[in-house]
Amino acid sequence: MSSTTGAEVLTQGTGYGVVLGIGFVFAIIMMGLSTLQNRYTTYKISTSEEFNTASRSVKPGLIASGIVSAWTWAATLLQSSTVTYEYGLCAGYYYAAGATIQIFVMAILAVRVKQIAPYCHTFLEIVHARYGNTAHFMFATFGLVVNLIVSSMLLLGGSAVVNAFTGMNIYAANFLIPLGVCIYVILGGLRATFLCDYSHTLILMILIFYFFFWTYTKADLIGGFEGMYSLLQQASIERPVAGNQDGSYLTLKSNYGLTFMIIQITGGFGTVMLDQARYLLPQKGYWQRAIASEAKTAVRAYLMGGIAWFAVPLTFSSIMGLAAVALANNPSFPYPGGLTAAEIDAGLAAPAGVVALLGSGGAAAMLILLFMAVTSAASSEMIATSSILTFDLYQIHFNPDASPESLIRVSHIMVAVWALVMSCVASLWIGIGVSLNWLFLFSGTLFTGAVGPVIFSVVWRQQTKEAAISGALGGVVVGIIAWLTVAKTYYGELTIATTGLMYPNLAGNLGACCSGAIISAVVTLIKPDNEFDWSATKRINPRAREMDRKKATLPDSVSGSGSDSPVEKEKQESAMVDVASAKDDITIDVPAEEYAELQKSLKVATWASLTLIFIVLFLIPIPMFLSHYVFSLNFFRGWIIICVMWLFVAAGITSILPLWESRAAIKDIFSGMVRDIFGGKARKGAIASSNVA
């Protein structure tokens, strides 16, 4: 573990105050929001559907804000700045491009899920319906592995920064950071993560704007655009970047930068497709956010979320990553002579740049920023993992007839268990010397083999159980063999250092991702399943489907505003649904009008996503890479201005749009509070008058 005393500009008390104080503040806020939601809206967090799917009613702006928050974990801010410190300005773009296309692809898959399994809670329910227990257990394991790696990476980055700035014990940080998050997730469920995601994203945007305007307009150490450009040119002479055009930090022609983008693409697909928090399988998540919304809403949300998120690593790395490069030899830089390899692997480029520019005040702002990113993503991981453990393991394999009340109780327990597990694993990584950078580059080798089979299970009717299983497992085997072989061949030994380098991880990630899809496709083509027609996936969660269909005709004692608790109402509705389902066959076909609307949404999502992917992956970077262009001062100035303008668009999508979309609900809550306050006083006055009379 590297020494971080150079950046220690805050007290340990500040570290503990931020870690404990902010977490519990959000827990208290969540308690208040949950109380208001329960009292003044129709969504009750004590029902299992609301806790795990937010009643499938979240609007696109809030989902987009949640996507940005969930995808902005420690690595987004730390790793994007780290690779910018290593490879120059191009790396921030390559980081953003390599991790944005998965969100665009999710726009397509979100609609597809609505077509084939409109009432599922997790992607694993689709796997179980199609392939049975064996495949379900295997993909559940992949999902939990992804969640475990992502969760521990969040804590690795967050605890390293807290330790660097304050000297707080790094193991204590690992266990205390998830504590407040665990409390507010249990209190509020999935809708709680959306609401707190919004708060986190708002703070994130404010602080990045603060860093930008200070760095490029006020910081004397930088000297504006001209000063930054001059400092980067000088750094190119003193510390030229291997593989970059003329060793420059001001070019997109970077061999290692492009290699990093490929690793980012493959690893990112694994993280998104296999992490419910980010998709539907296990995470931030992404599958979960697809389920928590309608089809048209999901398409808009993912497209807006991808566009908005792109600006975060692009702009932040162009501020703090470049500041660390420019000031590495400045006396104010907390690590004299620049960062060592261990400090780079720990993700300390951005913290070093902040301390050099802003001192203790900047360190405090950066600490809050990182804490927001870590806790927001951690909340999504917790609720997503809870969904897997509750619906895919407990309900399917242990208690198929579980009541809504027991499902809520199990969900709460699983959130708490996961908070403890992620803390232990993060501490384990630190103990054996595994860094954030090593884990970030390697992780895709371990799970991207399942990406192809997962996508095929949603879009390819003929994929068989054998193809899905063999593709996922075969991809892992090929990836690990390629990773170790290249490390041994190129560097002569297998150590943590050599296996964490760029080329072994490129081989491992590409080998796993490509071979998994190829094996699955070949096995399917040899013996396709020509009988499957998606009816099994459409029958997932018949209780929720029938409750929706019959809710309008339920007796007042169930659907009215009686004194029963939400859990009791859910039980009564479920019982009536069971009786009705016993008499009638469940209608699983999507109505023609709704199906036509879904097809239209799918077409829009496909064309929009492919167009955006082409622009960010090919149209912008490839011509600049092939031309070997080194930025002029005017081009550099224009590049940075476009970055911050993009961030303004992102802020509008994630901070302003959700308020506008929720204006009616906000008005209802405010009106209800006013009625309770003043109406209560009026009633008390009337009672007092009658007593006097």
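Each value, and the rule that gives it
- Residues numbered from 1 in each chain as written.
- Predicted model: local features only at pLDDT ≥ 70, side-chain atom pairs only at ≥ 80, totals over all residues.
- Heavy atoms only, no water.
- Helix = DSSP H or I, 4+ residues; strand = E, 2+ residues; numbered from the N terminus.
- Areas by Shrake-Rupley, 256 points an atom, 1.4 Å probe, with all protein chains shown as cover.
- Axes fitted to C-alpha atoms, helices over the stretch in contact; angles between N-to-C directions.
- Left-handed = near helix turned anticlockwise from the far one by under 90°.
- Contact = heavy atoms within 4.5 Å.
- Nonpolar A, V, L, I, M, F, W, Y, C, P; charged D, E, K, R; others polar.
- Parallel < 35°, antiparallel > 145°, perpendicular 65-115°, else oblique.
- pLDDT = per-residue confidence, 0-100.
- Salt bridge = Lys/Arg side-chain N within 4 Å of Asp/Glu carboxyl O.
- Buried < 20%, exposed > 50% of the residue type's maximum accessible area, 1.4 Å probe, protein only.
- Patch = residues over 30% accessible without salt bridge, like charges linked within 9 Å, V, L, I, M, F, W, Y side chains within 5 Å.
- Polar contact = N/O pair within 3.5 Å; in protein donor to acceptor, adjacent residues only side chain to side chain.
- Expected span 1.5 Å × (residues − 1).
- Phe/Tyr/Trp six-rings, centres within 6.5 Å; stacked < 30°, edge-to-face > 60°.
- Lys, Arg positive; Asp, Glu negative; His and termini not counted.
- Core = buried A, V, L, I, M, F, W, Y, C linked by side-chain atoms within 4.5 Å.

Colleague: Give a detailed account of the overall build of the protein, specifying residues and quantitative values.
Modeller: A count of helical and extended segments in the protein gives 28 helices and zero strands. Here the protein has roughly 25400 Å² of accessible surface; of this, 66% comes from carbon and sulfur atoms.

Colleague: An account of the packing of helix α7 (residues 133–166) against helix α15 (residues 404–432) is requested, with residue identities and associated values reported.
Modeller: In a pair of packed helices, the angle between the axes and the distance between the axes together describe the arrangement. The geometry of α7 relative to α15 is characterised by a closest axis approach of 8 Å and an angle of 65 degrees between their N-to-C directions. The crossing of α7 and α15 is right-handed. Along the contact surface, α7 presents L144, N147, L148, S151, S152, L155, L156 and S159, while α15 presents W418, V421, M422, S423, V425, A426, W429 and I430. Split into classes, the residues belonging to the contact of α7 with α15 amount to 11 nonpolar, five polar and no charged.

Colleague: Could you give an account of the packing of helix α10 (residues 255–273) against helix α16 (residues 436–447), with specific residues and numbers?
Modeller: In the contact formed by α10 and α16, the axes pass within 8 Å of each other and the chain directions differ by 50 degrees. By the angle between their directions, the pair α10 and α16 is classed as oblique. By crossing handedness, the relation of α10 to α16 is classed as left-handed. When α10 is examined against α16, the residues F260, I263, Q264, G267, G270 and T271 are found in contact with a partner set consisting of F440, L441, G444 and F447. Across the contact of α10 with α16, the residue classes tally to five nonpolar, five polar and no charged.

Colleague: I'd like a description of the confidence of the model for the protein, backed by residues and values.
Modeller: The predicted model of the protein averages 81 in pLDDT, with 80% of residues at 70 or higher. pLDDT under 50 marks residues 556–567. Its contacts with residues more than four places away, or in other chains, come to 19 contacts. Contacts for the low-pLDDT stretch residues 573–586, under 50 throughout, to residues beyond four places or in other chains number 21 contacts.

Colleague: Which residues make up the pattern of salt bridges, and what values do they have?
Modeller: Taken as a whole and judged by the stated rule, the model has two salt bridges. With a shortest N-O distance of 2.7 Å, E226 and R637 are connected by a salt bridge. In this structure, E238 engages R239 in a salt bridge whose closest nitrogen and oxygen atoms are separated by 3.9 Å. Note on R239: relative accessible area 21%, which makes it partly exposed.

Colleague: Explain unusual backbone geometry to me, and be specific about the residues and the numbers.
Modeller: Trans peptide bonds make up the majority, and among non-glycine residues the majority have a negative phi. Residue D246 is not a glycine yet carries a positive backbone phi of 60 degrees. Its location among the elements puts D246 in the loop between α9 (224–238) and α10. Look at D246 and you get exposed, because its relative accessible area is 63%. Positive phi, close to 75 degrees, is recorded for W534, a residue that is not glycine. Assignment of secondary structure puts W534 in the loop between α20 (502–526) and α21 (535–538).

Colleague: How would you explain a nonpolar patch on the surface if you had to name every residue and give the values?
Modeller: Together, F614, I615, F618 and L619 give the surface a local cluster of nonpolar side chains, amounting to about 380 Å² of exposed area. Summarising the element assignment, L619 is placed in helix α25 (residues 592–619). What makes L619 partly exposed here is its relative accessible area of 49%.

Colleague: Could you give an account of the environment of Y85, with specific residues and numbers?
Modeller: Relative to the helices and strands, Y85 resides in helix α4 (residues 74–87). For Y85, a relative accessible area of 9% gives the class buried. When residues no more than four places from it in sequence are discounted, the contact partners of Y85 are Y249, G321, A324, V325, A328, G338, L339, I344 and A349. Side-chain polar atoms of Y85 contact the backbone nitrogen of L339, separated by 3.1 Å.

Colleague: Please provide a residue-by-residue account of α4, values included.
Modeller: With 14 residues, α4 extends 19 Å from end C-alpha to end C-alpha; this agrees with the ideal 20 Å at 1.5 Å per step. Counting buried positions over the 14 residues of α4 gives 13, a clear majority of the element. At the exit of α4 stands G88, carrying a positive phi of roughly 100 degrees.

Colleague: So what's going on with the environment of A363? Which residues, and what values?
Modeller: Within the element layout of this structure, A363 appears in helix α14 (residues 349–398). Given a relative accessible area of 0%, A363 falls into the buried group. Spatially, the C-alpha atoms of A363 and A352 are 9.0 Å apart, while their sequence positions differ by 11 residues.

Colleague: I'd like a description of the packing of aromatic side chains, backed by residues and values.
Modeller: As enumerated under the stated definition, the model contains 33 aromatic pairs in all. Note on Y256 and Y503: the rings are 5.8 Å apart at their centroids and 35 degrees apart in plane angle, and the pair reads as tilted. Under the relative-accessibility criterion, Y256 is labelled partly exposed at 27%. Seen from their ring centres, Y629 and F635 are 5.2 Å apart, and the 70 degrees between their planes marks the pair as edge-to-face.

Colleague: Kindly report on the side chain of K253, identifying the contributing residues and their values.
Modeller: Tracing the backbone through its elements, the reader meets K253 in the loop between α9 and α10. Of the side chains with opposite charge, D246 lies nearest to the buried K253, which makes no salt bridge, at 9.4 Å. Within the structure, the side chain of K253 is placed 3.1 Å from the side chain of N255, a separation counted as a polar contact. Residues contacting K253, with those up to four places away along its chain left out, are G243, N244, Q245, M624, F625 and H628.

Colleague: How would you explain the nonpolar core if you had to name every residue and give the values?
Modeller: In terms of nonpolar packing, the biggest core is built from 196 residues, with F139, F211, M366, F636 and W639 touching the most fellow members. For this core, the leading source of residues is α14, giving 25 residues. Ignoring sequence-local partners within four residues, the contact set of F139 consists of L124, V127, A450, P453, V454, A468 and A472.

Colleague: Give me the lowdown on α9, citing residues and values where you can.
Modeller: With 15 residues, α9 extends 21 Å between its outermost C-alpha atoms, agreeing within 8% with the 21 Å of an ideal straight helix rising 1.5 Å per residue. Every buried residue of α9 is listed here: G224, F225, G227, M228, Y229, L232, A235 and S236.

Colleague: Tell me what's going on with the environment of V417, and back it up with residues and numbers.
Modeller: Among the structural elements, V417 can be located in helix α15. Remark: the alpha-carbon pair of V417 and S386, spanning 31 residues in sequence, is separated by 9.1 Å.

Colleague: Explain the side chain of T385 to me, using residue names and the numbers behind them.
Modeller: Among the secondary structure elements, T385 is positioned in helix α14. Separated by 2.7 Å, the side chains of T385 and N147 make a polar contact.

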